[in-house]
Amino acid sequence: MTSSFTDIIKGDVITVDHPEYISSLARWAKNAERKARVVVFVKDADDVSRSIIYAKENNLQIAIRGGGHNAAGASSAEDGLVIDLSRYLQGVRVDAKEKLAYVGGGALWKHVDAEAIKYGLATVGGKVNHLPPVKTGVGGLTVGGGHGYLSDRHGLTIDNLKQVTIVTASGATLTANESENEDLFWAVRGGGSNFGVVTEFVFQLHPQRATVFAGAILFPVQKAKELVEATTKWLENIKADESMTQVYAVDASGKLLIAAFVFFNGSEEEGRMKFKSLYDIGPAVDLAKEIPYEELNGLMGTELDHGKSYYLSGLSQKKPCYEATVELIQKLSESSKTGLRPAVGFEYMSQAKVNSVPVSATAFRRQLAYNILCNIQWDGEGPDRTDEARLLAREMTEIILRGQGTLSEAEKQGYTNYGHDLSLPTSLSIAPHLDHQGPSSKVERAFTTNYPRLQQIKKKYDPDVIFNKWYPIEPAA
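What this report covers is the structure whose coordinates are included nearby. Nothing here was measured: the structure is a model prediction, and the numbers come from that model. (Residues numbered from 1 in each chain as written. Predicted model: local features only at pLDDT ≥ 70, side-chain atom pairs only at ≥ 80, totals over all residues. Heavy atoms only, no water.)

## Quick word on the pairing of strand β10 (residues 197–204)
Taken across its 8 residues, β10 has 6 buried, putting it largely inside the fold. Sheet topology places strand β6 (residues 100–104) next to β10; 5 bridges connect them, and they run antiparallel. Its bridge partner lying in β10, Y102 is registered against V202. Pairing analysis gives 6 bridges linking strand β8 (residues 161–167) to β10, with the strands arranged antiparallel. Bridging across to β10, I166 finds its partner in V198. (Buried < 20%, exposed > 50% of the residue type's maximum accessible area, 1.4 Å probe, protein only. Helix = DSSP H or I, 4+ residues; strand = E, 2+ residues; numbered from the N terminus. Pairing = 2+ DSSP bridges.)

## Quick look at the sheet that holds strand β3 (residues 62–65)
Reading across from one edge, β1-β2-β4-β3 is the order of the 4 strands in this open sheet, with mixed pairing throughout. The open sheet has two free edges, formed respectively by β1 (12–15) and β3, since each of these has just one partner strand. Between one strand and the next, the sheet's axes are offset by a mean angle of 20 degrees, whatever the strand orientation. By the bridge criterion, 4 bridges tie strand β2 (residues 38–41) to strand β4 (residues 81–84) in an arrangement that is parallel. Across the sheet, V39 pairs through a bridge with V82, a residue of β4. Along the sheet, helix α3 (residues 45–57) makes contact with β2, β3 and β4, crossing β4 at roughly 170 degrees. (Axes fitted to C-alpha atoms, helices over the stretch in contact; angles between N-to-C directions. Contact = heavy atoms within 4.5 Å.)

## Let's talk about the sheet that holds β8
With respect to topology, 5 strands assemble into an open sheet ordered β5-β6-β10-β8-β9, the strand pairing being antiparallel. Among the strands making up the open sheet, the edge pair consists of β5 (92–95) and β9 (173–176). Between one strand axis and the next, the sheet turns through 15 degrees on average, direction left out of account.

## Observations regarding the pattern of salt bridges
Taken as a whole and judged by the stated rule, the model has 26 salt bridges. A salt bridge links R189 to E178; the nearest nitrogen and oxygen atoms lie 3.4 Å apart. You can see R189 sitting in the loop between α7 (182–188) and β10 and its partner E178 sitting in the loop between β9 and α7, a full 11 residues away along the chain. Overall, the relative accessible area of 7% leaves R189 in the buried class. (Salt bridge = Lys/Arg side-chain N within 4 Å of Asp/Glu carboxyl O.)

Next comes the structure, spelled out in structure tokens:
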């Protein structure tokens, strides 16, 4: 590390001999941590630009850290350079008159939720926003598409994105919106971190009531069939402002839990009527109630402890299937005896608003199927068990997909922000590492018909593929 680089950075430059080095590497998932050569807590776009140029000159892999919530290690770089936005770029400014939020690239969703609701406003944010230290960053969720509780009313997070300030691979700082650098604006709405470092997002805000009905309703395993039947019937008439995430999980004691996290954007009285079919089953515990809106995105995540290791895998489902649920419960119970703690979350909400936007309008791949997240946890201080977790995730995926009829390969792969095993190892050269064997490629499945255009934009803004930690796009020839 040369003193000249340190001298030109306004923020903090952390190297291996710095007292903050170990803490600067810490991530939510222990297995996502990597021993970076240098971590730069940037203060502004100029710091980002200088960090990119320094990394290129010294052949260092680049990682971008916002919330540090990616279990695959996308925000870490072994022997590389981490551009960390979390310390100095957390600001949120609300223009209540124009209903816009100006959000720093290192902000967390709790910052956005808390500031916007002061004005009776909100936008579409992540579902795990603030339970310490599970911190879903604004940046990663946004550029990956962004599903949230308000998606059935206002679409994806990217559908509410009006502008970004982004530093590209050349070190240039650009403004991108519908009328300026339009191609780049199209690409960052779903194309992930492939095109640069976003230092500021501008979001459209919407009027939002101060309180909502939400919380967990817990059911014994014996009620699984009734729950599947009630959910199937509820989905037939699902409307905006009501949604549910059903979680099948094994707790620390090895006990299997079924929790339905319900949400209704209205009063408790109305909410209980919306989910009457669930209450008629006879839950074991009812924790749902009317809460302040800013607490909504923190309801889930109580079992997602910092310092544990995690493996995440996404897929999709067109409808609930009881036979598959029975098999899944058996697999979860068996797996709990191995020291792995698996959980599966089924996200049910109206897809009408999200799919009212044409697939070609943004880089994000849209679909009618419901998102599912497989999350496997193990002791972060013990041996690495990623291979075991990957195998278990595949087995659970095969079980869930039974009874689903025809799903596209892309739908089987699921929501891009739920992926794993997607970055390049260490080289800045893309050729030796990409799984790019025609249409079966994970990267192509992530973007489907939008992939060729993304390749052209990648060639323009990052031909050397220095941004390669999340579904790395191969530049067009």
